[in-house]
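Each chain, written out:
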Amino acid sequence: MRARSRNGTRSVGAVAALALLAGACAPDAPDDAGADDDDGDVVADAEDPDDADDDTEEPDEVDDAEETAEAAGDDEIVVVTAEDPPTLEAPYGYSATTGVVLRNIQEPLVGRDRESGEFVGLLATDWEAVDDTTWRFELREGIDFHDGSPFNAEAAAHALNISWSEDFVDGPLLGFKGPDFEAVAVDEYTLDVELESPDPILPNRLWMSPIFSQEHFEQEGEDAWREEPIGTGPYEFVSWDRGQSIEIELNDDWWGHDDPEAAGGEATIERATYLIRGDQQSRVAAVQAGEAHLAERLPADQCLNDLGDACLDAPNIDIAHIRIDTMNPLLSDIRIREAMAVAIDREAIGDELLPGPPARMLVPDGATGYNEDIPIFDFDPDRARELVEEAEADGAPVDQTINLRVEREKFPGINEVAQAIQAMWQDVGLTVDFEVVDSALFLEELIDPPRPIDEDRGWVVLHQHSNRLADFHGTATSWYQCEAPISTWCDEEFDALTDEAGGLTGDERHELLAEAAMVAHEDIPFIPVVEMGLFHGVSDDLDWETRADTNVYLKDMSL
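Residues numbered from 1 in each chain as written. Predicted model: local features only at pLDDT ≥ 70, side-chain atom pairs only at ≥ 80, totals over all residues. Heavy atoms only, no water.

Draft legend 1. Structural view of the state of the cysteines. Counting across every chain of the model gives two disulfides. Two residues share a disulfide in this structure: Cys482 and Cys490, whose sulfurs sit 1.8 Å from each other. The disulfide joining Cys482 to Cys490 has a torsion of about 85° about its S-S bond and is therefore right-handed. Listing the disulfide partners of the chain by sequence rank of the bonded cysteines yields 1-2, 3-4. (Disulfide = S-S within 2.5 Å.)

Next comes the structure, spelled out in structure tokens:
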């Protein structure tokens, strides 16, 4: 059974009404051409490249897709993707661009449940913290890599030590690293990871790190490691024509054929061809014409409007939100921050501009610390006006300009969303300036601006946040805490709760983080807006159950 759009048919009239509202109140801004890399999330959120939006037609690319589809058999699929991976080395397996291929070839020790996102065993069957600085993993036995070499604790230790080492890797995966560690084989199928200091969520981190063949790395070298991946997964690497296509085929000896439940899926597709097509319209056209089975990660409006029922709306982990300069004379008033929160019509934005449901927190449901008791701010412009009037009567400088800022091309539709929010705030009595900022300046001012921040700056930033570790602690330490690089807020109770939670696991960790999340909600340093959807074009003959972790696995598909 395939998931369809949460939002149904989009209302052209409602979209136009929001656009007119924004246009009537907002100054002209540079066009938003699409989305760029989500790389502004520091430690908790090193991210993967998103699609670049380009409407230039490239008919030759569609012809290539048609030829590939015609050549495919009944058990073969064609996937069109926006970007050629920069590499196929394991440390990039966490990213959408590389992972769409690599996660089918190589597997991590720890997997995630397709529906709940819960961390479960994959190449490891069990794990535990044997002391404060040692995690022990019991490994699955009787598995071989695609080159015939055995998967065991020595191979797993080698892969982890390479993948998380600055000596071999200069990439965003290291942004997810906690304390330094060394992986050590205890015996053939027992692995210890020895840390410099405690790390209660080490298994979460290792989910992002696929295991590769030690023999292949040592015999063939680093170039082959980066270009011809060898793993234990359901599919084997066949070829990579850079900038054009990647081919993989079913591994008949995959251990998961005998135990699909433990493997998290049943691989039945015999072969997959990934066509690299940067032009969005050609990717949509390939699905429309039946020349491709899947066009992954399309812009929401293009997918929903052009593909209709062939547009699959999948779960995502990206949260669109607003960060507030709480040290500013106007924005330091909690009544103004609450007014800004309740003046936003999240339903309209989520239905018409940035498809997705209203957001409760900066992390999605399922993350450790997600607090279901936190209310989503109701749209109440009358209440917002009352709050602004109360603050003004008490001397708050409500005539001060609030500076709403967005990073150029951060995600599709960001300008339109910002202009709509600007109009909503101005409608309740606030003065708001809107500006698109080039990435270099934006990141300089967002991630680690000179301290102390100028009180008169008055920045309010529309941004997105992704937490791939599914744990609010990483978000807290990079976005909320007093000394966090992105924080413009300070609360000692919040810091104490999250610091204490950082050394805990299980229910104790969850409860403390959820309590801290409520503290933050009540003081409103951030305003969650919507959970951003993830959109794919899918042909009628592809049956695909999408995943809570957003990964694209062939083992979840059938024809």
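Anyway, onward from the coordinates.
Draft legend 2. Helix H14 (residues 414-427), seen in detail. Along its 14 residues, H14 runs 20 Å from first to last C-alpha, staying within 8% of the 20 Å computed at 1.5 Å per residue. Most of H14 is tucked away, with 11 of its 14 residues classed as buried. Along H14, the positions that sit buried rather than exposed are Ile414, Asn415, Val417, Ala418, Gln419, Ala420, Ile421, Gln422, Ala423, Met424 and Trp425. Trailing H14 by a residue or two, Gly429 shows a phi angle of about 105°, which is positive. (Helix = DSSP H or I, 4+ residues; strand = E, 2+ residues; numbered from the N terminus. Expected span 1.5 Å × (residues − 1). Buried < 20%, exposed > 50% of the residue type's maximum accessible area, 1.4 Å probe, protein only.)

Draft legend 3. Examining the sheet that holds strand E6 (residues 181-187) more closely. With antiparallel pairing, four strands are arranged side by side in an open sheet as E4-E5-E7-E6. The open sheet has two free edges, formed respectively by strand E4 (124-131) and E6, since each of these has just one partner strand. Strand after strand, the sheet turns through a mean of 25° between neighbouring axes, direction not considered. As paired strands, strand E5 (residues 134-139) and strand E7 (residues 190-195) are joined by five bridges and run antiparallel to one another. Directly across from Phe137, in E7, lies its bridge partner Leu191. (Pairing = 2+ DSSP bridges. Axes fitted to C-alpha atoms, helices over the stretch in contact; angles between N-to-C directions.)

Draft legend 4. Looking closely at the pattern of salt bridges. Summed over all chains, the structure comprises 28 salt bridges. Note that Asp549 is salt-bridged to Arg547, the shortest N-O span being 3.4 Å. As far as the burial class goes, Asp549 and Arg547 line up, both buried. Shared partners join several salt bridges into a network, and the residues in it are Arg323, Asp325, Glu445 and Arg457. (Salt bridge = Lys/Arg side-chain N within 4 Å of Asp/Glu carboxyl O.)

Draft legend 5. Main features of unusual backbone geometry. Unlike most non-glycine residues, Ile524 shows phi in positive territory, near 55°. Structurally, Ile524 can be placed in the loop between helix H18 (506-523) and strand E17 (526-531). On the basis of relative accessible area, Ile524 is assigned to the buried category, the value being 3%. We note that Thr550 has phi near 75°; this positive angle belongs to a residue other than glycine. The residue Thr550 is located in the loop between strand E19 (543-544) and strand E20 (557-558) in this model.

Draft legend 6. Highlighting the sheet that holds strand E15 (residues 431-437). Here we have five strands laid out as an open sheet, ordered E15-E14-E16-E13-E17, and mixed in their pairing. In this open sheet, the two edge strands, each paired with only one partner strand, are E15 and E17. Ignoring which end each strand starts from, the neighbouring axes of this sheet average 25° apart. By the bridge criterion, five bridges tie strand E13 (residues 318-324) to E17 in an arrangement that is antiparallel. Counted as the bridge partner of Ile319 is Glu531 from E17. Strand contacts of H14: E13, strand E14 (401-407), E15 and strand E16 (459-466), with the helix running at about 170° to E15, the strand carrying the most contacts. (Contact = heavy atoms within 4.5 Å.)

Draft legend 7. Focus on H18. Taking 1.5 Å as the rise per residue, H18 with 18 residues should run 26 Å; its terminal C-alpha atoms sit 27 Å apart, in good agreement. Every buried residue of H18 is accounted for by Arg509, Leu512, Leu513, Ala514, Ala516, Ala517, Val519, Ala520 and His521. One or two steps after H18, the chain reaches Ile524, where phi turns positive at roughly 55°.

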